[in-house]
Amino acid sequence: MNPVNYLYLAALLFTIGAAGVLIRRNAIVVFMCVELMLNACNLAFVTFSRMHGNLDGQIIAFFTMVVAAAEVVVGLAIIVSVFRSRHSASVDDASLMKL
Amino acid sequence: MTGLAAAASQTSTGEAFQFWVLGTVAVIGALSTVLMKKAVHSALSLAGTMIVLAVFYLANGAYFLGVVQIVVYTGAIMMLFLFVVMLVGVTAADSLKETLKGQRWLAAGCGIGFGVLLIAGIGNASLNSFNGLGTANAEHGGNIEGLASLIFTKYVFAFEITGALLITATVGAMVLTHRERTERAKTQREMSEERVRGKQLPPLPAPGVYARHNAVDIPGLLPDGTPSELTVMQTLRNRGQIRDVSNESLDQLKALEQRSEERLGRDNEDEEVAK
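Since we're looking at a predicted model, the values are computed, not measured.

Conventions used here
- Residues numbered from 1 in each chain as written.
- Chains lettered and ligands numbered in written order.
- Predicted model: local features only at pLDDT ≥ 70, side-chain atom pairs only at ≥ 80, totals over all residues.
- Heavy atoms only, no water.
- UniProt positions renumbered as here; feature names shortened; annotations may be inferred.
- Helix = DSSP H or I, 4+ residues; strand = E, 2+ residues; numbered from the N terminus.
- Axes fitted to C-alpha atoms, helices over the stretch in contact; angles between N-to-C directions.
- Parallel < 35°, antiparallel > 145°, perpendicular 65-115°, else oblique.
- Left-handed = near helix turned anticlockwise from the far one by under 90°.
- Contact = heavy atoms within 4.5 Å.
- Nonpolar A, V, L, I, M, F, W, Y, C, P; charged D, E, K, R; others polar.
- Expected span 1.5 Å × (residues − 1).
- Buried < 20%, exposed > 50% of the residue type's maximum accessible area, 1.4 Å probe, protein only.

Caption draft 1: Structural view of the UniProt feature "transmembrane region" (unreviewed entry) in chain A. All names here are of chain A. The UniProt record annotates "transmembrane region" (unreviewed entry) at residues 6–23, 28–48 and 60–83. In the segment residues 6–23, helix accounts for 100% and strand for 0%; the C-alpha atoms at its two ends are 25 Å apart. When the span residues 60–83 is considered, its composition is 100% helix and 0% strand, and the gap between its end C-alpha atoms is 34 Å.

Caption draft 2: Here's a closer look at the packing of helix α2 (residues 27–52) of chain A against helix α1 (residues 13–35) of chain B. Viewed as axis vectors pointing N to C, α2 of chain A and α1 of chain B meet at an angle of 160°, and their least axial separation amounts to 10 Å. Of the possible angle classes, the one that applies to α2 of chain A and α1 of chain B is roughly antiparallel. Taken as a pair, α2 of chain A and α1 of chain B cross one another with a handedness that is left-handed. On α1 of chain B, the residues that touch V29, M32, C33, L36 and R50 of chain A of α2 of chain A are E15, A30, T33 and V34 of chain B. For the contact of α2 of chain A with α1 of chain B, a count of residues per class yields six nonpolar, one polar and two charged.

Caption draft 3: Inspection of helix α1 (residues 4–23) of chain A at higher detail. Across its 20 residues, α1 of chain A extends 29 Å between first and last C-alpha, which sits within 8% of the 28 Å expected from 1.5 Å per residue. α1 of chain A sits mainly inside the fold: 16 of its 20 residues count as buried.

Spelled out as structure tokens, the structure:
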């Protein structure tokens with residue numbers, strides 16, 4: 001097996017995550033799909049790091065993880081505060097800026 | 001497994017087997033993350049996918065990232081997700097009706113097209129050999145040492161900025177979930193007064209006042225003769241199983257008088273007939 005298969009898997013997971021972001025309405029599930037896409041990117045970075053024989057890809061994956069953690073904290077805080085004011089976690093209901 | 005050869009084109013059979021088995025699990029987990037109706041199931045599927053990805057990192061020679069993936073992603077982030085799902089999403093069921101007509105099929109079509117583009121792009125790239133991390137890891141004495149030497153030299157500014165980002169995110173989460181108190185806090189006196197208002201403070205009176213009826217379902221009588229519901233226990237009160245016997249003896253007396261009157265009346269009639 002060639003490590004390129006890891007890249008195919010990463011592409012597949014990224015695609016599934018992107019489709020989930022488009023399909024699902026629940027803000028939490030949308031958020032989980034974004035996390036899935038980030039993880040797929042990390043897998044691609046790690047695989048490229050192995051292919052090219054240097055550690056820079058792993059460093060980028062590490063920074064991606066840190067940014068993802070910060071993003072999750074802020075995003076979930078936003079979801080909780082939206083749920084408090086609107087009693088719904090559906091992205092369809094958050095249409096206050098619509099005319 | 002980490003590719004000690006300088007430029008190999010094949011991994012070991014064991015790694016290939018691991019890839020096909022765990023890769024299937026990862027794809028199934030990702031699909032059920034998208035397709036599961038309940039947010040809790042989605043979160044658990046995603047946690048499974050992330051654990052599989054951690055194993056893949058380890059297989060790819062990223063030992064530090066594999067452990068960090070388990071600790072940070074499945075340990076912290078997914079538990080935070082589950083916490084918020086428990087707080088928010090369990091009652092808020094995902095509405096299954098489409099608000100935009102045909103949006104789902106369009107989205108699925110877009111996803112498939114995007115995936116085909118990505119995979120075709122990877123397939124067209126000439127990625128037939130790989131170097132492996134053997135030399136890169138060995139340069140500083142190991143994977144973690146190599147990562148550390150890169151983070152604290154080449155990427156030190158990115159590392160510092162990451163710290164600022166984390167602090168900002170922490171403060172942001174606190175600001176976003178903070179709620180101002182809209183009314184004055186209650187004092188201790190007010191709380192204690194509230195606690196005793198409108199309640200029976202001494203022990204409840206006992207049921208039953210008659211020698212013949214002191215069962216628990218018979219209310220005691222107040223001084224004016226009316227039954228008091230307080231003397232019967234809450235359960236029986238709720239079931240409506242209270243027997244009211246306050247008028248029973250009066251009724252019995254009345255019935256006795258009536259019977260004796262009837263008897264006397266009949267006697268009188270008999271006397272009249274005899275006359």
